[in-house]
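The residues making up each chain are set out below.
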Amino acid sequence: QVQLAESGGGLVQAGGSLRLSCAASRRTFSHYRMAWFRQAPGKEREFVAAIRWGDGSTYYADSVKGRFAISRDNGKNTVSLQMNSLKPEDTAVYYCALDIGLSRYDYWGQGTQVTVSS
């Protein structure tokens, strides 16, 4: 089983920035895809961003496009999410997820809380 460990959450004011990291417990491969999801109180879990490990292609939800950036560090088996211009509506628990090539996210981190105050 792959373990994912998120870090970097916290409390920031609107307009501020945070950088989240997710470290995988094992080597990652070119056909993997890693992603960030988030879930706010009373809302469904939503997709935030994803990256294809092999070629680095990125995908973003419209709500974060232009503000968030996902990246990977192949050597450290780590994916990061740089969050800029944060808004109160970005407040949520953020989860890292891994698709090992089956077109589904089977592995999830424990989540890290991001709170953006007005």
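Please refer to the structure placed before this passage.
Residues numbered from 1 in each chain as written. Predicted model: local features only at pLDDT ≥ 70, side-chain atom pairs only at ≥ 80, totals over all residues. Heavy atoms only, no water.

Undergrad: Looking at this structure, how should I read unusual backbone geometry?
TA: With glycine set apart, most residues show a phi of negative sign, and most peptide bonds adopt trans. Notably, Ser 85 is not glycine yet its phi reads approximately 50°, a positive angle. As for its placement among the helices and strands, Ser 85 is situated in the loop between strand 8 (78-83) and strand 9 (92-99). The partly exposed category is assigned to Ser 85, whose relative accessible area is 41%. (Helix = DSSP H or I, 4+ residues; strand = E, 2+ residues; numbered from the N terminus. Buried < 20%, exposed > 50% of the residue type's maximum accessible area, 1.4 Å probe, protein only.)

Undergrad: I tried to follow the sheet that holds strand 3 (residues 18-24) on my own but got confused; where do I start?
TA: Sheet strands pair via backbone hydrogen bonds, and the direction of the pair is either parallel or antiparallel. Spatial ordering of the open sheet is given by 1-3-8-7, a layout of 4 strands whose pairing is antiparallel. Of all the strands in the sheet, the pair left with one neighbour each is strand 1 (4-7) and strand 7 (68-73). Each adjacent strand pair in this sheet contributes to an overall mean axis angle of 15°, direction not counted. (Pairing = 2+ DSSP bridges. Axes fitted to C-alpha atoms, helices over the stretch in contact; angles between N-to-C directions.)

Undergrad: How should the pattern of salt bridges be read in this particular structure?
TA: Think of it this way: side chains of opposite charge can pair up when their charged atoms draw near. Tallied over the full model, the rule gives 7 salt bridges. Notably, a salt bridge pairs Arg 38 with Asp 90, separated by 2.9 Å at the nearest N-O pair. Remark: Asp 90 occurs in the loop between strand 8 and strand 9 and Arg 38 occurs in strand 4 (residues 33-39); sequence separation between them is 52 residues. Judged by relative accessible area, Arg 38 falls into the buried class, the value being 5%. For Asp 90, a relative accessible area of 0% corresponds to the buried category. Between Arg 67 and Asp 90 there is a salt bridge; the shortest N-O distance is 2.7 Å. Here Arg 67, found in the loop between strand 6 (58-60) and strand 7, pairs with Asp 90, found in the loop between strand 8 and strand 9; they are 23 residues apart in sequence, far enough to count as distant. Like Arg 67, the residue Asp 90 is buried in the burial classification. (Salt bridge = Lys/Arg side-chain N within 4 Å of Asp/Glu carboxyl O.)

Undergrad: Would you take a moment to explain the state of the cysteines for this structure?
TA: In a disulfide, the sulfur atoms of two cysteines are covalently bonded to one another. Summed over the entire model, instances satisfying the criterion amount to 1 disulfide. Paired through a disulfide, Cys 22 and Cys 96 show a sulfur-sulfur distance of 2.1 Å. Every disulfide takes its handedness from the sign of the S-S torsion; for Cys 22 and Cys 96 that torsion is -80°, giving left-handed. Here the residue Cys 22 occupies a position in strand 3, and Cys 96 occupies one in strand 9, the gap between them amounting to 74 residues. A relative accessible area of 0% places Cys 96 in the buried class. (Disulfide = S-S within 2.5 Å.)

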